[in-house]
Amino acid sequence: MKIGVVGKGGVGKTTLSALLARSLAERGRRVLAVDTDSNPNLGLSLGLSPVQTESLPTVPRSIVVGSRGDLTVAELMADYAADTPSGVAVMSALRVAEAAAGCTCGGHATVRSLLGEALDAETDDTIVDMEAGIEHLSRSGGTLAHADVLVLVMEPSLKAVITARRTIALARDLGIVAFCGVGNKVADDQRDLLSGLCADNDVPLDVVVPASRDIIEADRSGTPLEHGQASLVWTAVEALTDCLLNRSGVSVTQ
Ligand SMILES: Nc1ncnc2c1ncn2[C@@H]1O[C@H](COP(=O)(O)OP(=O)(O)OP(=O)(O)O)[C@@H](O)[C@H]1O
Ligand SMILES: [Mg+2]
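In this convention, every chain numbers its residues from 1, walking through the sequence in written order. Whichever chain is written first becomes A and whichever ligand is written first becomes 1, with later ones labelled in order. Under the rules for a predicted model, residues below a pLDDT of 70 receive no local features and side-chain atom pairs below 80 are neither given nor counted, while totals for whole chains, interfaces and linings still include all residues. With hydrogens and water set aside, each side-chain value is computed from the structure's full complement of heavy atoms.

Participant: I would appreciate a short explanation of the site of ligand 1 in the present structure.
Facilitator: Definition of nearness: a residue and a molecule or strand are near each other if at least one heavy atom of the residue lies within 4 Å of the molecule or strand. In the region of ligand 1, 18 residues are neighbours, and Lys-13, Thr-14, Thr-15, Asn-184 and Ser-212 sit closest. Under the rule applied, a polar contact is a pair of N or O atoms within 3.5 Å (in protein, one hydrogen donor and one hydrogen acceptor; residues adjacent in sequence only if both atoms are side-chain atoms). Here a nitrogen atom of ligand 1 sits 2.9 Å away from a polar atom, N or O, in the main chain of Ser-212. Notes on ligand 1: free accessible area 640 Å², of which the protein chains cover 78%. Counting only elements with at least two residues in the shell around ligand 1, the list comes to α1 (13-26), β7 (178-186), β8 (207-210) and α9 (213-221). To measure how exposed things are, a 1.4 Å probe is used in the Shrake-Rupley method; for residues, cover is taken only from the protein chains shown. Helical segments are the DSSP runs of H or I of at least four residues, strand segments are the runs of E of at least two, and each set is numbered from the N terminus.

Participant: Is there a simple way to think about the nonpolar core in this case?
Facilitator: Soluble globular proteins tend to bury their nonpolar side chains together. To define a nonpolar core, start from buried Ala, Val, Leu, Ile, Met, Phe, Trp, Tyr and Cys residues and group those joined through side-chain atoms within 4.5 Å. Between buried and exposed lies partly exposed: a residue is buried under 20% and exposed over 50% of the maximum accessible area for its type, with that area taken using a 1.4 Å probe on protein chains only. Residues Ile-3, Leu-76, Leu-114, Leu-144, Val-151 and Leu-244 are the most contacted members of the largest nonpolar core, which totals 80 residues. Per-element tally for this core: the top contributor is helix α10 (residues 231-247), with eight residues. We call two residues in contact whenever any of their non-hydrogen atoms come within 4.5 Å of each other. With residues near it in sequence (within four places) discarded, Leu-144 still touches Gly-4, Val-6, Leu-115, Val-128, Met-130, His-136, Leu-137, Leu-150 and Ile-176.

Participant: Any chance you could explain the state of the cysteines here in plain terms?
Facilitator: Two cysteines whose sulfur atoms are joined by a covalent bond form what is called a disulfide. To count as a disulfide, a pair of cysteine sulfur atoms needs to be within 2.5 Å. Throughout the structure, instances matching the rule amount to one disulfide. For Cys-180, the disulfide goes to Cys-243, at an S-S distance of 2.4 Å. Taking the sign of the S-S torsion, -105° for the link of Cys-180 and Cys-243, the bridge is left-handed. Here the residue Cys-180 occupies a position in strand β7, and Cys-243 occupies one in helix α10, the gap between them amounting to 63 residues. For the unlinked cysteine Cys-198, the closest cysteine sulfur is that of Cys-243, found at 13 Å.

Take a look at the structure:
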């Protein structure tokens, strides 16, 4: 699967990208997680140390990936993907390491080019943890144009749900037809509010991830969420994994 994880700023895209990547890897799938944050920290959530995360190489901007391009998928992964303790490979695509070095459009072009290739020889699932908002869908060509399915992450707020609704409209124009809607940071007494907002805005709500103190603590210490913690979160992540496998038409779960 080629999965884009999208949503309004701060809703939990990076947190859920890491948990989803781990869940897929635990099912025996080879997973590549692509961090598109200009200030990347997905590596920490996958078990890398701060020093290892800091020293991840950044993929070159504006390259064409493929056998007729600048680098094959295998070369790109060999040179720029790092293995993590969680069994997921991670790649940093849009890191900004230099002041006044120009915009990150070239990095988006590289990610788009990567997703446009057949990745099956190198990985079963590629998860792109997207930068906040919807600009990535309007950039030239659309960074996620070749994604099979989008994970729409929403907090229980009207603004987060409206962002998801706008995302669906733009993504459909790019030809993306599969979506899994995820409510995140949802307290028990906010479930009905979120369901109502999603129904009113024609946004799917497939999975609800509870608000979790354990996630906040893990984030504070820059470590991955342990399996012994937050069992309701893990149950929801498994449901999200099933949703993605179903929606994207992958029939075999290992
Ligand atoms: N289920 C949850 N319960 C409680 N806190 C959460 C949950 N999911 C994420 N958070 C917290 O919300 C904050 C934002 O999470 P995260 O960085 O994953 O969001 P994001 O959408 O990737 O943000 P950005 O738009 O900046 O990339 C973090 O402090 C994280 O710990
Ligand atoms: Mg993020």
